[in-house]
Amino acid sequence: QVQLVESGGGLVQPGGSLRLSCAASGNIGRVNSMSWYRQAPEKLRELVAIITSDGSTDYGDSVKGRFTISRDNARNIVYLQMNSLKPEDTAVYYCNADVVRTYYNSPSSHWGQGTQVTVSS
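Residues numbered from 1 in each chain as written. Predicted model: local features only at pLDDT ≥ 70, side-chain atom pairs only at ≥ 80, totals over all residues. Heavy atoms only, no water.

## Here we look at the nonpolar core
(1) Moving on: Formed by 29 residues in total, the largest nonpolar core has its most connected members in Met-34, Trp-36, Leu-80, Met-82 and Tyr-93.
(2) Moving on: Those elements giving two or more residues to this core turn out to be β1 (2-7), β3 (18-26), β4 (30-39), β5 (46-52), β7 (67-72), β8 (77-82), β9 (91-100) and β11 (115-119).
(3) Moving on: Per-element accounting of this core gives the leading share, five residues, to β9. (Core = buried A, V, L, I, M, F, W, Y, C linked by side-chain atoms within 4.5 Å. Buried < 20%, exposed > 50% of the residue type's maximum accessible area, 1.4 Å probe, protein only. Helix = DSSP H or I, 4+ residues; strand = E, 2+ residues; numbered from the N terminus.)

Rendered as structure tokens:
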């Protein structure tokens, strides 16, 4: 009912940049927030960045000052601009949307398939 399609992952050198995109479609009545998570091998999935319906943003400590989340509300697209990438940023990045679907009264959470980001020389 709600689909998230991610793009923009790939291989970059340390210090490089990438921009991830995530497009949400389907039965979306109201978007409470959209966010990015990541999971590296042998590590727990962690919050990277989140943007709420009022435009407020929060970031994980490890990416503050380097990553920027933004959203195109009209098209339900969320972006993650990643600058000054480090090898420790290597992970699978997942898009998440918290929405209230049409004819529903409670929120639901939806995940994309993930996109690989590899930072290496």
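## A word on the state of the cysteines
What is meant by a disulfide is a covalent connection between two cysteines, made through their sulfur atoms.
(1) Moving on: For the structure on display, the rule yields one disulfide.
(2) Moving on: There is a disulfide in this structure between Cys-22 and Cys-95, and the S-S distance comes to 2.1 Å. Handedness here is read from the sign of the S-S torsion; for Cys-22 and Cys-95, about -85°, the answer is left-handed. Taken together, the residues Cys-22 in strand β3 and Cys-95 in strand β9 connect sequence positions 73 residues apart. Of the two residues examined, Cys-22 and Cys-95, each falls in the buried class. (Disulfide = S-S within 2.5 Å.)

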